[in-house]
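A look at the structure
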Amino acid sequence: MEKQLALSQGQEIVGQVKILSQEEIMNATNNYDPNLIVYRSDIVDCYECTIDDMLVFIKAPQERDPNPKLIHLFLTELSVLTVTRHDSMCKLYGCCLETYIPMIAYQHKSSKTLQDCLHGGIALEKPMKWSSRLRVTTNIAYALSYMHNALLKPLVNRDVKSFFILIDSSFHAIIASVVYSVSI
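Residues numbered from 1 in each chain as written. Predicted model: local features only at pLDDT ≥ 70, side-chain atom pairs only at ≥ 80, totals over all residues. Heavy atoms only, no water.

1. A short note on the overall build of the chain
A count of helical and extended segments in the chain gives six helices and 10 strands. Per-residue burial for the chain yields a buried fraction of 44% across its 184 residues. Contacts in the chain between residues at least 24 apart in sequence constitute 61% of all its contacts with a sequence separation of at least 6. For the chain, the computed accessible surface area is about 10200 Å², with 54% contributed by carbon and sulfur atoms. (Helix = DSSP H or I, 4+ residues; strand = E, 2+ residues; numbered from the N terminus. Buried < 20%, exposed > 50% of the residue type's maximum accessible area, 1.4 Å probe, protein only. Contact = heavy atoms within 4.5 Å. Areas by Shrake-Rupley, 256 points an atom, 1.4 Å probe, with all protein chains shown as cover.)

So, in C-alpha cells, the structure goes:
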C-alpha cells in the first residue's frame, strides 16, 4: 500500500481491481497446466486463460514459497498497474493475494505478438506493411512517453521486447511487459 500511495501521489486509483481467489486462479490455469503457458522466464510463468468470460494473462511466480524479492517485485508491479492508464499498455484485470507471492491477471484481446508478426509464422504468410509497422512503433512510443513523462513518478520499462508487444487485428500495439523501475 505504501508503494501505491507513493506512486499515485493523490491521483485516482484506476478502477476497481478484481480480487481473485487462489481457487479461481487454479481453475483458470487448469491447475497450472504447462500447456497454457505462453511465456516463461527464470522466475515467472505467464498463462493465457479465461476468467469470467474475459481473456486474461495470469502472471504467476514459479516459486510458491515466500521470497521477499519476488513479493517486492510483484507488489511493485501491482502498484504501478493501479495508477497507469494508457490505451497502449496492458490493463490490470485483477490479482490474487491469497498466495505468498501475489499473482497478477491482465486483460488482453490478442495473443498475437510483434515477434510473431515480424519473425514467426504470421510473417511468412503475410509480411507487415510499412504503415502497420509505423502504427505499431507509434503506439509503443506513446506508451513509453506516457510512462516517462505523464506520471508524477516516472516509470522506466526495463523489458521492451517484441515478444511483449501484443498486436490486434488493426495493428494496434499494446505493451504487455511491466518490469518497471520507479524513479524517485
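2. Some words on the nonpolar core
By size, the foremost hydrophobic cluster in this structure holds 18 residues, and its most contacted members are Leu114, Val136, Ile140, Met147 and Ile167. Contributions of two or more residues to this core are made by α4 (114-119), α6 (130-150), β8 (165-167) and β9 (173-175). Counting residues per element, this core draws most heavily on α6, at six residues. (Core = buried A, V, L, I, M, F, W, Y, C linked by side-chain atoms within 4.5 Å.)

3. Observations concerning the packing of aromatic side chains
Two aromatic rings are characterised by how far apart their centres lie and by the angle between their planes. Overall, the coordinates contain four aromatic pairs when judged by the stated rule. Ring geometry for tyrosine 39 versus phenylalanine 163: centroids 5.4 Å apart, planes at 35 degrees, classification tilted. A residue pair is termed long-range when its members are at least 10 positions apart, and tyrosine 39 in strand β2 (residues 37-40) and phenylalanine 163 in the loop between β7 (155-157) and β8 qualify at 124 residues. According to the relative accessible area criterion, tyrosine 39 is partly exposed, its value standing at 22%. Here the guanidinium or amino end of lysine 112 rests over the ring plane of phenylalanine 171, the centre of that ring lying 5.2 Å away. The ring of tryptophan 130 has arginine 133 sitting right over it, with the charged end atom 5.1 Å from the ring centre. (Phe/Tyr/Trp six-rings, centres within 6.5 Å; stacked < 30°, edge-to-face > 60°. Lys NZ or Arg CZ within 6 Å of the ring centre and 35° of its normal.)

4. A few points about the pattern of salt bridges
On inspection of all chains with the given rule, the structure shows three salt bridges. For aspartate 52, the salt bridge goes to lysine 18, with nearest N and O atoms at 3.2 Å. Taken together, the positions of aspartate 52 in the loop between β3 (44-51) and β4 (54-61) and lysine 18 in strand β1 (residues 18-20) put the pair 34 residues apart, joining distant regions of the chain. Across the salt bridge formed by glutamate 77 and lysine 59, the nearest N and O atoms sit 2.8 Å from each other. Highlighted residues: glutamate 77 in helix α3 (residues 68-83) and lysine 59 in strand β4, separated in sequence by 18 residues. Across the pair, lysine 59 and glutamate 77 agree in class, each one buried. (Salt bridge = Lys/Arg side-chain N within 4 Å of Asp/Glu carboxyl O.)

5. Description of α6
Its 21 residues place the ends of α6 29 Å apart at the C-alpha level, agreeing with the 30 Å of an ideal helix rising 1.5 Å per residue. Taken as a whole, α6 has its buried residues at Ser132, Val136, Asn139, Ile140, Ala143, Leu144, Tyr146 and Met147. Along the long axis of α6, the arc covered by the buried residues comes to 150 degrees, so they all point the same way. Opposite the packed face of α6, turned more than 90 degrees from it, sit the exposed residues Trp130, Leu134, Tyr142 and Asn149. (Expected span 1.5 Å × (residues − 1). Arc of directions from axis to C-beta.)

6. Focus: a nonpolar patch on the surface
On the surface, Ile19, Leu75 and Leu97 cluster together into a nonpolar patch covering about 270 Å² of accessible area. Looking at the element boundaries, leucine 97 is found in the loop between β5 (92-96) and β6 (103-107). (Patch = residues over 30% accessible without salt bridge, like charges linked within 9 Å, V, L, I, M, F, W, Y side chains within 5 Å.)

7. Remarks on the sheet that holds β6
Sheets are built from strands paired through backbone hydrogen bonds, the pairs being either parallel or antiparallel. Read from one edge of the open sheet, six strands run β1-β5-β6-β4-β3-β2, paired in mixed fashion. Of all strands in the sheet, those with a lone pairing partner are β1 and β2, marking the two edges. Geometrically, the sheet is characterised by an average inter-axis angle of 25 degrees between neighbouring strands, direction not taken into account. One ladder, built from four bridges, connects β5 with β6; its direction is antiparallel. For cysteine 95, the partnering residue across the bridge sits in β6 and is isoleucine 104. (Pairing = 2+ DSSP bridges. Axes fitted to C-alpha atoms, helices over the stretch in contact; angles between N-to-C directions.)

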